[in-house]
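The primary structure of each chain is shown beneath.
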Amino acid sequence: MIKKTAKKLVGKIVNKVTTVTSQGTSQSKIGTFTSSAEMSALCRKTAAESIVMLKNKDSVLPITPDRTVSVFGRVQNDCFYVGYGSGGDVKAPYKVSLMQGLRNCGKIEINELLARTYEKWGEQNPVDDGFWGHWPMSYDEMPVDFSMARTAASSSDTAIVVLGRAAGEDRENKLEKGSYYLTDTEKQLLDSVTSAFDKVVLLLNCGSIIDMFEIAEYGDKISSILYVWQGGMESGNAVADVLCGNVSPSGKLTDTIASNYSDYPGSSDFGAKEFNCYTEDIYVGYRGFETFAKEKVLYPFGFGLSYTGFAVENTECSVKNGKVTLTADVRNTGVFKGKEVLQAYYEAPCGRLGKPSRVLADFAKTKELAPGESERITLGFSVADMASYDDEIEYSYILEKGIYKFYLGSDVRSASLCGEFEQEKSEIIKRLSQVSAPKAENAFERIKFIDGKAVKAPVPVAKYDLKEIILNNLPEEIPQTGDKGIKLSDVKEGKASMREFVAQLSNTELEAISRGDYIMNSPLGAPGNAGTFGGVLESLREKGVPAATTTDGPSGIRINEGASLLPIGTALACTWNCALAEELYEKVGEEMKKVGSDVLLAPGMNIHRNPLCGRNFEYFSEDPLLTGRIASAIVRGVQKAGVSACPKHFACNNQETNRTHNDSRLSERALREIYLKGFEICVKTAKPWNIMTSYNKINGVWGHYNYELCTRILRGEWGFEGSIMTDWWMRSSKSPEFPNIKDQAYRVRSGVNVLMPGGERTGRRKPDGTLLKTLGKPDGITLGELQQNAAHVLNFIMNSYAMKR
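Definitions and cut-offs
- Residues numbered from 1 in each chain as written.
- Predicted model: local features only at pLDDT ≥ 70, side-chain atom pairs only at ≥ 80, totals over all residues.
- Heavy atoms only, no water.
- Helix = DSSP H or I, 4+ residues; strand = E, 2+ residues; numbered from the N terminus.
- Rg over C-alpha atoms; globule rule 2.2 N^0.38 Å.
- Buried < 20%, exposed > 50% of the residue type's maximum accessible area, 1.4 Å probe, protein only.
- Areas by Shrake-Rupley, 256 points an atom, 1.4 Å probe, with all protein chains shown as cover.
- Expected span 1.5 Å × (residues − 1).
- Polar contact = N/O pair within 3.5 Å; in protein donor to acceptor, adjacent residues only side chain to side chain.
- pLDDT = per-residue confidence, 0-100.
- Contact = heavy atoms within 4.5 Å.
- Pairing = 2+ DSSP bridges.
- Axes fitted to C-alpha atoms, helices over the stretch in contact; angles between N-to-C directions.
- Parallel < 35°, antiparallel > 145°, perpendicular 65-115°, else oblique.
- Left-handed = near helix turned anticlockwise from the far one by under 90°.
- Nonpolar A, V, L, I, M, F, W, Y, C, P; charged D, E, K, R; others polar.
- 1 Å grid on protein atoms, 1.4 Å probe; cavity = no way out; pocket = protein on both sides within 12 Å on 5 of 7 lines; lining within 4 Å.
- Points joined across faces, edges and corners; volume = space filled by probe spheres on them.
- Salt bridge = Lys/Arg side-chain N within 4 Å of Asp/Glu carboxyl O.

Caption draft 1: Region of interest: the overall build of the protein chain. Across its full length, the protein chain carries 22 helices and 31 strands. Against the compact-globule benchmark of 28 Å for 805 residues, the protein chain has a radius of gyration of 27 Å, which places it among compact chains. Taking all 805 residues of the protein chain together, the buried fraction comes to 64%. Accessible surface, the protein chain: about 28,200 Å² in total, of which carbon and sulfur atoms supply 49%.

Caption draft 2: Region of interest: helix α4 (residues 112–124). A rise of 1.5 Å per residue sets the reference length of α4, with its 13 residues, at 18 Å; its end C-alpha atoms lie 18 Å apart and thus fit the reference within 8%. All buried positions along α4 are accounted for by Glu-112, Leu-113, Leu-114, Ala-115, Thr-117, Tyr-118, Trp-121 and Gly-122. With a side-chain oxygen lying 3.4 Å from the backbone nitrogen of Leu-113, the N-terminal cap of α4 falls on Asn-111.

Caption draft 3: Looking closely at the confidence of the model for the protein chain. Across the protein chain, the average pLDDT comes to 95, with 96% of residues at 70 or higher. Confidence drops under pLDDT 50 across residues 1–29; counting only partners more than four residues distant or on other chains, this segment forms 72 contacts.

Caption draft 4: Structural detail: unusual backbone geometry. The linkage connecting Leu-61 with the following residue, Pro-62, adopts the cis geometry, with an omega of 0 degrees. Inspection of the secondary structure puts Pro-62 in the loop between β2 (52–56) and β3 (68–72). Between Phe-650 and Ala-651 the backbone carries a cis peptide bond, its omega angle lying at 10 degrees. Along the chain, Ala-651 falls in the loop between β26 (644–645) and β27 (663–665). Within the chain, Trp-229 stands out as a residue other than glycine whose phi angle is a positive 55 degrees. Positionally, Trp-229 belongs in the loop between β7 (224–227) and α8 (235–243). When its relative accessible area of 2% is taken as the criterion, Trp-229 is described as buried. The phi dihedral of Ser-436 falls on the positive side, at around 55 degrees, and the residue is not glycine.

Caption draft 5: Molecular detail of helix α22 (residues 783–799). Here α22 contains 17 residues, and its C-alpha end-to-end distance of 24 Å stays within 8% of the 24 Å for a straight helix at 1.5 Å per residue. Counting buried positions along α22 gives 14 out of 17 residues, so the element sits mostly inside the fold.

Caption draft 6: Just the sheet that holds strand β19 (residues 416–423), in detail. One open sheet accounts for four strands, arranged β14-β13-β18-β19; its pairing is antiparallel. At either margin of the open sheet sits one strand with a lone partner, and together these are β14 (359–365) and β19. Averaged over all neighbouring strand pairs, the angle between strand axes comes to 20 degrees, with direction disregarded. Here strand β13 (residues 341–347) runs beside β14; their pairing, made up of six bridges, is antiparallel. If you follow Val-341 over to β14, its bridge partner there is Lys-365.

Caption draft 7: Fine view of the sheet that holds β26. If you trace the four strands from one edge of the open sheet to the other, you get β23-β24-β25-β26, paired in mixed fashion. Each having just a single partner strand, β23 (531–534) and β26 make up the two edges of the open sheet. Bridge count for strand β25 (residues 599–601) against β26 is two bridges, and the pairing is parallel. Each bridged residue has a counterpart across the sheet, and for Val-599 the counterpart in β26 is Ser-644. α22 rests against β23, β24 (547–552), β25 and β26 of the sheet, and its axis sits at about 105 degrees to β23.

Caption draft 8: The packing of helix α2 (residues 37–50) against α8, seen in detail. Where α2 contacts α8, the axes come no closer than 8 Å and their chain directions differ by 50 degrees. Judged by the angle between their axes, α2 and α8 are oblique. The chirality of how α2 crosses α8 is right-handed. Only Asn-237, Ala-238, Asp-241 and Val-242 of α8 make contact with α2, whose side of the interface consists of Arg-44, Ala-47 and Ala-48. Here the contact of α2 with α8 is built from residues that sort into four nonpolar, one polar and two charged.

Caption draft 9: Geometry of the layout of surface pockets. Taken as a whole, the largest pocket spans an internal volume of roughly 870 Å³. Around the largest pocket, the lining is made up of 38 residues, and of these Ala-384, Asp-385, Lys-677, Glu-680 and Ile-681 lie nearest the centre. When contributions to the lining of the largest pocket are tallied by element, the ones reaching two or more residues are β14, β15 (374–382), β20 (427–431), α17 (624–640), α18 (668–675) and α19 (677–686). Taken together, the residues that form the lining of the largest pocket break down as 20 nonpolar, four polar and 14 charged. Estimated volume of the second largest pocket: approximately 540 Å³. Along its surface, the second largest pocket is lined by 26 residues, and Tyr-81, Tyr-84, Lys-95, Asp-129 and Tyr-139 are the ones closest to its centre. In terms of residue class, the lining of the second largest pocket is built from 13 nonpolar, seven polar and six charged.

Caption draft 10: Region of the structure containing the pattern of salt bridges. Scanning the model with the defined rule gives 59 salt bridges in all. Between Glu-582 and Lys-640 there is a salt bridge, and its shortest N-O distance comes to 2.7 Å. With Glu-582 in helix α16 (residues 578–595) and Lys-640 in helix α17, this pair connects stretches of sequence that are 58 residues apart. The exposure class of Glu-582 is buried, given its relative accessible area of 15%. In this structure, Arg-672 and Glu-717 form a salt bridge, with 2.8 Å as the shortest nitrogen-oxygen distance. Linking Arg-672 in helix α18 with Glu-717 in helix α20 (residues 707–717), this pair joins segments that are 45 residues apart in sequence. Among the residues examined, Arg-672 registers a relative accessible area of 5% and is labelled buried. Through salt bridges with shared partners, one network takes in Asp-281, Arg-352, Asp-390, Asp-391, Glu-392, Arg-446 and Lys-448.

Here you go:
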């Protein structure tokens, strides 16, 4: 049948179409929501700026108007716009496919007969999106033999091959064909097209990186390779903007692409059902590759090509008053306009602790530079930022003595030495306490890089009495007064104190404030909400406490009315453009107010520890600084609009396999330097009003029971002042330190303020009774803890947009 179809592809059948708006070529609308012109433009700009070009032999791109293009691959029509699951389940007002985008562009001539062949085949072979956690990894591809490809080549001189990969929550990518690896049909497609065409462009419509080794084996038979990610509702227009040259690609990789999966640090310690030991320790991604496995890298961290060239010139370096300042001119040396990302790295002396050979210290993206134009960029960071955490002896951040070197460039591998600084003696920068270290019974060995060699060393284990720490920090009780007529608005207006307001609350009200309204799609919020919390009782609402509405994110607002569908988290991070991310999410904040959302459950900011993690598409990078900066931009944008962001999942939610029971076992140093660092940056610089814990355990303790993370670090060390909520539902457990308390009492004592959505999965609208059961009993929950918990929640509610509805 394919051969018969190929015979019909005779002659040059092309179509050059005029430019039309996205809305004009959209799918039929879902729900009642309409995106603003400003939001559509921002989505399109962000998706285009996220595209990472890995190769462009002989400047095959951009496609000039005198060339005709044959587009292969079913995802030209059946695009992956976003990942599956709660983070991408957005009722978008429209979605622009790649083929629609190419037609909208008005500058690209398309082989229309081939395009119609794909459209017809797609109609005859519709996609099956599966069901929760069992979504497809990819769609079945239309077979293409050499005869069909040759016929297409007779009527066009350039081929675009589009391959797609899904991403999804509650499942992993797999080391299988159709997921991490190419299918046989996809290989046949590439074989046929690369044999028939001299100019072949490969587009990867993926949620995360796939194996690139077998693609690299095609060599220069593939002229250009671009990761176009999953760009949301404006995907097709954004890709077309880059292909036709309206936009020069400026995206940069946020992850290292290795030759083989087994080359990734920690690849052998991923996906286990019960627990994973993070044996690679701090050597995640490029930190490991650049230190002891440079030869295993296909594309380095931070890499991405442009249609133009850039030079980094007139570099200057100074270290004064504890501040490192790096300055350079970035000049456009080519013939196209474009943007570049200037990246600064440091190399710390190996010392007693062992260090990666490169660590990202700062970055900035230029404005769009015309040919010959330059921009002076200044990057800077504190000398103290180069300190390493000593989890063996001092439990402190230490700046070890020796030479610190600084590098500037456009990716981690090509960055050039531009200065250095000598620390004459080791110095403790910040003294802390041992927190959340592995238990002795769970000890394992980690990698350390000492004296130029990677060696194995035992992970330091916990040496403290957590029960004593908790008892020494219990809050005082406030005498209960009963209802005095004080409203929450009185506290906001300074007419009464929060202490006076909380003193009015009964035990029943204190319990209610510690949970949501039991179910998703609460009747107290807009239809399709993820849950509500705060004023979930009539008596609380009478005291002026409204119910705050939460909605899933991050790729838009998951609610019945609908909302704009944004590029996935990985794509957003690949822009390396914090200002753009902030601007985009300020528009999201405005949409939240329009559809009735007070809290967006976003950004997702867990580290890309492994390329197989199913939820990587929601997250940003293998690097904590880049993660923290992009997350901070999102939080600032949302909260600038007066509604709340909610960074998640705190912490170490780095795999989806058995995610509600799996234990992430890692050193305190790796925890602080890698997996908490992004959250720390976000909390300190953007001040989110809410944070969500993770499903998994961290060194044996579930995130929603983790006093060490939530109380000692998040509040105690970082000064977090907002509300902490669970991910949806939680595991039942007794407290190891206080066996008489369990579940909700264990959670509240740990410092996790709100159980969401508030009840069991059965939908039963009744408290489970575990919070108040031990109130007033030995080692039981105390009134002071309940009141402190309520104050944290009410401080958010008082300042939330819900107070204005």
